[in-house]
Amino acid sequence: MQTRIILLITALGLQHLLNAQCEPPENMSDLFGNEIQARITTGGDLFWDGSDGQFRITSAPGMPSTIFAEGLWLGGVDAAGNLKLAAQTYGRASGETDYAPGPRPFIDPVDATTCANWDRTWSVRRYEIEAHRADFEDNGNIEFPIAAILEWPGKGNPFFEPVLGFPLPNDEHGLAPFADTDGDGIYNPMAGDYPALEGVSIIPSQIVWSVFNDSGVAHTQSQGKHLDVEVQRTAWSVECNDNFLDRSVFINYKIINRGADPLDSLYLAIWTDFDLGCYTDDYL
């Protein structure tokens, strides 16, 4: 009996280590599309590079960033009443994080190779989507494939792995949103499908998509227990002259419980550090 108990504890400890072996997210890209330049990362934080805010009005050169950093906070309890938490703040500056890049498989542990492969963002611009649609509508074929559309991580994309070198998860929840023009449930850009927003009919000026999870790293930022969730984040902007939307960024979070147990009383919060230049005179 003692031996079995020791083996059980060892197995649980090993499982914890397997769920915490990824490197912190590092890559990032900029969302433009209107008068805002916003830094989009591959982890649970946004709008900064680890040392300075990157949320700026491009029509006002020299104006400081209006947001220094932002982070996603998630908290809930399991069936036994244990609190689980992932909450990102300034950890990127020191390598502390509650989130790892990439999707999270159901039950199975996250591995470091998967995290490294998915430590990136996918970006597509409106002119690319419009050119792709026009190419297909011309004769029902794509003569001029566009890399950003061909590599889009939509569910079942047959061109994803040959181009990027790693597979897409085959999951009912899908990944990056897209317009399924032929209604077969699979993203096939050569059949006319293209990146699009869920439930929004307009074509944004730019879409930036990334996916991350809270299982692949120890929660060195919050010290909280893993929720075992996957977070799919779609950031987008539209160009609307003389309208507040021209200085707006939209963020959609799709959160999937990939763990074995349900989470009760789940809360989602957005932590934001607003700045206008020097932090010492922020009286708001």
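Bear in mind the structure is a predicted one, so any value in this text is a computation, not a measurement.

A. Here's a closer look at the overall build of the protein. Helices and strands together make up the secondary structure of the protein, namely five helices and 14 strands. Radius of gyration (C-alpha) of the protein: 20 Å, near the 19 Å computed for a compact globule of 284 residues. Counting over 284 residues, the protein shows a buried share of 45%. The long-range share in the protein, meaning contacts at least 24 apart out of those at least 6 apart in sequence, stands at 64%. Accessible surface, the protein: about 14,100 Å² in total, of which carbon and sulfur atoms supply 55%. For the protein, the distance from the average site of its 16 positive side-chain charges to the average site of its 41 negative ones is 4 Å.

B. Examining the state of the cysteines more closely. Per the stated rule, a full pass over the model turns up one disulfide. Residue Cys-22 pairs covalently with Cys-115 via a disulfide, S to S 2.0 Å. Taking the sign of the torsion about the S-S bond as the criterion, the disulfide between Cys-22 and Cys-115, at about 60 degrees, is right-handed. With Cys-22 in the loop between helix 1 (2-18) and strand 1 (28-31) and Cys-115 in helix 2 (residues 112-117), the pair connects residues that are 93 residues apart, well separated along the chain. Assigned by exposure class, Cys-22 and Cys-115 land together as buried.

C. Examining the pattern of salt bridges more closely. Evaluation of the coordinates by the stated rule reveals eight salt bridges. We note a salt bridge from Glu-35 to Arg-247, for which the minimum N-O separation is 3.4 Å. Taken together, the residues Glu-35 in the loop between strand 1 and strand 2 (36-41) and Arg-247 in the loop between strand 12 (229-237) and strand 13 (250-257) connect sequence positions 212 residues apart. The exposure class assigned to Arg-247 is partly exposed, which follows from its relative accessible area of 47%. For the salt bridge of Arg-104 with Asp-228, the shortest nitrogen-to-oxygen distance reads 3.3 Å. Pair noted here: Arg-104 is in the loop between strand 7 (100-101) and helix 2 and Asp-228 is in the loop between strand 11 (206-213) and strand 12, with a separation of 124 residues, a long-range link.

D. Geometry of the pairing of strand 8 (residues 122-125). Where burial is concerned, the two faces of strand 8 differ: the one with Trp-122 and Val-124 is buried and the one with Ser-123 and Arg-125 is not. Relative to strand 11, strand 8 runs antiparallel, the two being bridged by four bridges. What sits directly across from Arg-125, in strand 11, is Gln-206.

E. Helix 3 (residues 126-139), seen in detail. Here helix 3 contains 14 residues, and its C-alpha end-to-end distance of 21 Å stays within 8% of the 20 Å for a straight helix at 1.5 Å per residue. Every buried residue of helix 3 is accounted for by Glu-128, Ile-129, His-132 and Asp-135. For helix 3, the arc enclosing every buried residue in end-on projection is 125 degrees, short of the 170-degree limit, so these residues lie on one face. Pointing more than 90 degrees away from the buried face of helix 3 are the exposed residues Tyr-127, Glu-137 and Asp-138. Directly beyond the C-terminal end of helix 3, a positive phi value near 80 degrees is found at Gly-140.

F. Inspection of the environment of Ile-251 at higher detail. By the secondary structure assignment, Ile-251 is in strand 13. Between the alpha carbons of Ile-251 and Ala-235 there is a distance of 4.5 Å; along the sequence they are 16 residues apart. Sequence-distant contacts of Ile-251, that is, excluding residues within four places in its chain, are made with Leu-46, Phe-47, Arg-233, Thr-234 and Ala-235.

G. Region of the structure containing unusual backbone geometry. Phi at Gln-223 is positive, roughly 65 degrees, even though this residue is not glycine. Among the structural elements, Gln-223 can be located in the loop between strand 11 and strand 12. You can call Gln-223 exposed: its relative accessible area is 62%. Despite not being glycine, Asp-228 shows a phi value in the positive range, around 65 degrees. Owing to a relative accessible area of 15%, Asp-228 belongs among the buried residues under this scheme.

H. Focus on the packing of aromatic side chains. Under the criterion given, the structure shown has 14 aromatic pairs. Between Phe-47 and Phe-55, the ring centres sit 4.9 Å apart and the planes meet at 70 degrees, which makes this aromatic pair edge-to-face. Side by side, Phe-47 and Phe-55 carry an identical accessibility label, which is buried. Residues Phe-178 and Tyr-187 carry aromatic rings whose centres are separated by 5.1 Å and whose planes lie at 65 degrees to one another, so their mutual orientation is edge-to-face. Every member of this aromatic cluster is reached through a ring pair, and the members are Trp-118, Trp-122, Phe-160, Phe-166 and Trp-209. Note that Arg-120 overlies the ring of Trp-122, its terminal NZ or CZ placed 4.3 Å from the centroid.

Criteria and thresholds
- Residues numbered from 1 in each chain as written.
- Predicted model: local features only at pLDDT ≥ 70, side-chain atom pairs only at ≥ 80, totals over all residues.
- Heavy atoms only, no water.
- Helix = DSSP H or I, 4+ residues; strand = E, 2+ residues; numbered from the N terminus.
- Rg over C-alpha atoms; globule rule 2.2 N^0.38 Å.
- Buried < 20%, exposed > 50% of the residue type's maximum accessible area, 1.4 Å probe, protein only.
- Contact = heavy atoms within 4.5 Å.
- Areas by Shrake-Rupley, 256 points an atom, 1.4 Å probe, with all protein chains shown as cover.
- Lys, Arg positive; Asp, Glu negative; His and termini not counted.
- Charge placed at Lys NZ, Arg CZ, Asp CG, Glu CD.
- Disulfide = S-S within 2.5 Å.
- Salt bridge = Lys/Arg side-chain N within 4 Å of Asp/Glu carboxyl O.
- Pairing = 2+ DSSP bridges.
- Expected span 1.5 Å × (residues − 1).
- Arc of directions from axis to C-beta.
- Phe/Tyr/Trp six-rings, centres within 6.5 Å; stacked < 30°, edge-to-face > 60°.
- Lys NZ or Arg CZ within 6 Å of the ring centre and 35° of its normal.

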